[in-house]
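Topology and contacts: notes
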Amino acid sequence: MKKWMILTVVVIAILAIAPANAQGNKFKVYAAFNYVAPTGSSDIDDETLEPAQEAGWSLGFEWRFGKWAGLELDYLQAKQDIETEGTKIAETSMSPLSLSFNFHLVHTKVIDFYFGPTVSYVMWDDIDTIDGEKIPTDSEWAYGAQVGLDISLVKSVAIVTGLRYTQLDVSGDGDSLAVNPLYAKLGIAIRF
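What this report covers is the structure whose coordinates are included nearby. Because the structure is predicted, anything quoted here is derived from the model rather than measured. (Residues numbered from 1 in each chain as written. Predicted model: local features only at pLDDT ≥ 70, side-chain atom pairs only at ≥ 80, totals over all residues. Heavy atoms only, no water.)

1. Overview of a negative patch on the surface
Note the threshold: Patch definition: residues above 30% relative accessible area lacking any salt bridge, with like charges linked at up to 9 Å and the nonpolar side chains Val, Leu, Ile, Met, Phe, Trp and Tyr linked at up to 5 Å. To measure how exposed things are, a 1.4 Å probe is used in the Shrake-Rupley method; for residues, cover is taken only from the protein chains shown. We count a salt bridge whenever a side-chain nitrogen from Lys or Arg sits within 4 Å of a carboxyl oxygen from Asp or Glu. Residues scored as positive are Lys and Arg, those scored as negative are Asp and Glu, and His as well as the terminal groups of each chain are ignored. For the purpose of locating charges, the reference atoms are NZ of Lys, CZ of Arg, CG of Asp and CD of Glu. Strands here mean DSSP runs of E at least two residues long; helices mean DSSP runs of H or I at least four residues long; both are numbered from the N terminus.
A surface patch of negative charge is lined by Asp-43, Asp-45, Asp-46, Glu-47, Glu-85, Asp-131, Glu-133, Asp-173 and Asp-175. Examined against the element boundaries, Glu-85 turns out to sit in the loop between β5 (69-84) and β6 (87-107).

Structure follows, in structure tokens:
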């Protein structure tokens, strides 16, 4: 909670000191396919449990309040299988709502390269085991970073790509499974 409050204060301070129309208000709205590659695993009840790699989708927008900075909000939806030794034993769904502060290092008429810190609030569905058991889960905060590259097709349309990593667990029934996903994004954006 303390990290979230610090990040909020920093973002508000930067917004307050940014010139009102440094580059005009620039907005980007996008839809993308996402490949979710978990990098974590946990030993629970003498078994090594691993989340499986999955595909999902996301919607988001970014507000560029200056030439070098922007604030991005992203909603992602993906199923998440849980496996042991390559065999599926359960599934759930994840819905992270992520806020990123983007620093735009390279921004030309054709490409826009950016990176920045990310904070996510992740809502998990119940874990459904193959035995038919439902395990309630807790929503989690996750922290990480992202890097992105937008490539203009025409003046107001661009291809969006990006990688985001967050430290994230799924918790339920007193146990916690490290997911720590790496998200790869590919989509299309409209900028105005």
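2. Some words on the environment of Thr-84
Defined as follows: Burial classification: accessible surface area is computed with a 1.4 Å probe over protein chains only, and a residue below 20% of its type maximum counts as buried, one above 50% as exposed, and the rest as partly exposed. Only heavy atoms enter the contact rule, under which two residues are in contact if any of them lie within 4.5 Å. By the criterion applied in these results, polar contacts are pairs of N or O atoms within 3.5 Å in which, for protein atoms, one can donate a hydrogen and the other can accept it, and in which residues neighboring in sequence qualify only through two side-chain atoms.
By the element assignment, Thr-84 lies in strand β5. Residue Thr-84 is classed as buried on the basis of its relative accessible area of 11%. With 36 residues separating them along the chain, Thr-84 and Thr-48 place their C-alpha atoms 5.9 Å apart. Non-local contacts of Thr-84, meaning those with residues more than four positions away in its chain, are made with Glu-47, Thr-48, Leu-49 and Ile-89. Within polar-contact distance, the side chain of Thr-84 engages the backbone oxygen of Thr-48 at 3.1 Å.

3. Looking at a nonpolar patch on the surface
On the surface, Phe-103, Leu-105, Val-106, Val-110, Ile-111, Phe-113, Phe-115, Val-147, Ile-151, Leu-163, Tyr-165 and Leu-182 cluster together into a nonpolar patch covering about 890 Å² of accessible area. For the nonpolar patch, the elements supplying multiple residues, two or more each, are β6, β7 (111-124), β10 (140-154) and β11 (157-167). The residue Tyr-165 is located in strand β11 in this model. The exposure class of Tyr-165 is partly exposed, given its relative accessible area of 32%.

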